[in-house]
Amino acid sequence: GYRSRAAYKLTEIDDRLHFLKPGARVIDLGAAPGGWTQVALERGVKQVAGVDLLPVDPLPPAHIVQMDFTDPACGPKLIELLGGPPDVVLSDMAPNTVGHRQTDHLRIVGLIEAAADFAVQVLKPGGVFVAKAFQGGETTALIAELKRHFADVRNVKPKASRSDSSEVYLVATGFKGR
Ligand code: SAM
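Each chain has its residues counted from 1, following the order in which its sequence is written. Since the coordinates come from a predicted model, pLDDT governs what is reported: local features require at least 70, and pairs of side-chain atoms require 80 or more to be given and counted, while whole-chain, interface and lining totals use all residues.

Caption draft 1: Here's a closer look at the site of the ligand. The environment of the ligand is formed by 22 residues, the closest being S4, A6, G30, G35 and D92. Only DSSP runs of H or I reaching four residues or more are called helices, and only runs of E reaching two or more are called strands; each is numbered from the N terminus. Elements with a contribution of two residues or more to the shell around the ligand: α1 (6–17), α2 (35–42) and β2 (47–52). By definition, a residue lies near a molecule or strand provided its backbone-derived C-beta atom is within 6 Å of it.

Written out as structure tokens, the structure reads:
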């Protein structure tokens, strides 16, 4: 079984877009408890390197580190563990909310932007970026930026996402390169 319900969301997204391929190298941001890494491994990818603030029970051969992704040392560490540049950067990161609308909002957008910047810096040409976002979030500028770098950018709302949740996934495919 999967360690998370979130595993079914990635399953649905990949069933549509088919980026978890044998030979692919995958980064998993916000990996705990490990469901997305399980799905990627099950679909035969070559390697997964992940990070979370929380510890994750080992999922060999994946490498998952306990760190804050916004720590500048984290990106280079992930690439080192991955053994090469990624074909896919996944982010299911969600910050802990503090209950103050504007503060929560800025933190959510900040994390997505950090993940997108990282993806643009490290992806192989043709690569894919998937990130959890929230409907009504200030993602207009981010989507415009992603469109400069990727052939296609779309919003995907998996059926496994509760219909009352504002969660939506940004899926950018066909990275144009730097
Ligand atoms: N995709 C995962 C799975 O299938 O098991 C579920 C991820 S869960 C919805 C979101 C995760 O993002 C949490 O475990 C949280 O600790 C992590 N997270 C939030 N902010 C983070 C940060 N700055 N660095 C690393 N992980 C972070």
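Caption draft 2: Molecular detail of the nonpolar core. V89, A115, A116, F129 and A131 are the most contacted members of the largest nonpolar core, which has 51 residues in total. Per element, the largest residue contribution to this core is 8 residues, and it comes from helix α4 (residues 101–122). Our contact criterion uses C-beta atoms placed from the backbone: two residues qualify when those atoms are within 7 Å. Contacts of V89, omitting those with residues within four sequence positions, involve I27, A115, F118, A119, L123 and F129. Put simply, a nonpolar core is a cluster of buried Ala, Val, Leu, Ile, Met, Phe, Trp, Tyr and Cys residues tied together by C-beta atoms within 7 Å. Here the C-beta atoms are placed from the backbone, and a residue counts as buried if at least 20 other C-beta atoms lie within 10 Å of its own, exposed if 12 or fewer do, and partly exposed otherwise.

Caption draft 3: Structural context of the pairing of β2. Taking burial as the measure, the 6 residues of β2 include 5 buried ones, the bulk of the element. What makes two strands pair is DSSP finding at least two bridges between them. Looking at chain direction, strand β1 (residues 25–29) and β2 are connected through 5 bridges and run parallel. Residue I27 lies in a different strand from β2, and its bridge partner there is A49. With its strands directed away from the observer, a crossover is right-handed exactly when the path from the first strand over the helix to the second travels clockwise. Each parallel crossover has a hand, and the one from β1 via α2 to β2 is right-handed. Of the strand pairs in this sheet, β2 and strand β3 (residues 63–66) are connected by 4 bridges, and their pairing is parallel. When the sheet's bridge partners are listed, V51 is paired in β3 with V65.

Caption draft 4: Representation of the sheet that holds strand β7 (residues 167–175) within the structure. Strand order in this open sheet of 7 strands is β3-β2-β1-β4-β5-β7-β6, and the pairing throughout is mixed. Each of the sheet's edge strands pairs with one partner strand only, and the pair in question is β3 and β6 (150–156). Within the sheet, the average angular offset between the axes of one strand and its neighbour, ignoring direction, is 15 degrees. Lying on the sheet, α1 is in contact with β5 (128–134), β6 and β7; it crosses β7 at an angle near 35 degrees. Angular values range over 0 to 180 degrees, each being the angle between N-to-C directions of two axes fitted as lines to C-alpha atoms, with helices fitted over their stretch in contact. Each of β1, β4 (88–91) and β5 touches α4; the most contacted strand, β5, lies at about 175 degrees to it.

Caption draft 5: Expanded view of the UniProt feature "binding site: S-adenosyl-L-methionine" (unreviewed entry) in the protein chain. UniProt positions are given in the numbering used here, feature names are shortened, and annotations may be inferred rather than shown by experiment. The UniProt entry lists G34, W36, D52, D68 and D92 under the feature "binding site: S-adenosyl-L-methionine" (unreviewed entry), expressed in the numbering used here. Excluding residues within four positions of it along the chain, D68 makes contact with L53 and C74. The topology assignment puts D92 in the loop between β4 and α4. Apart from the residues lying within four places of it in its own chain, the contact partners of D92 are A6, G30, W36 and K132.

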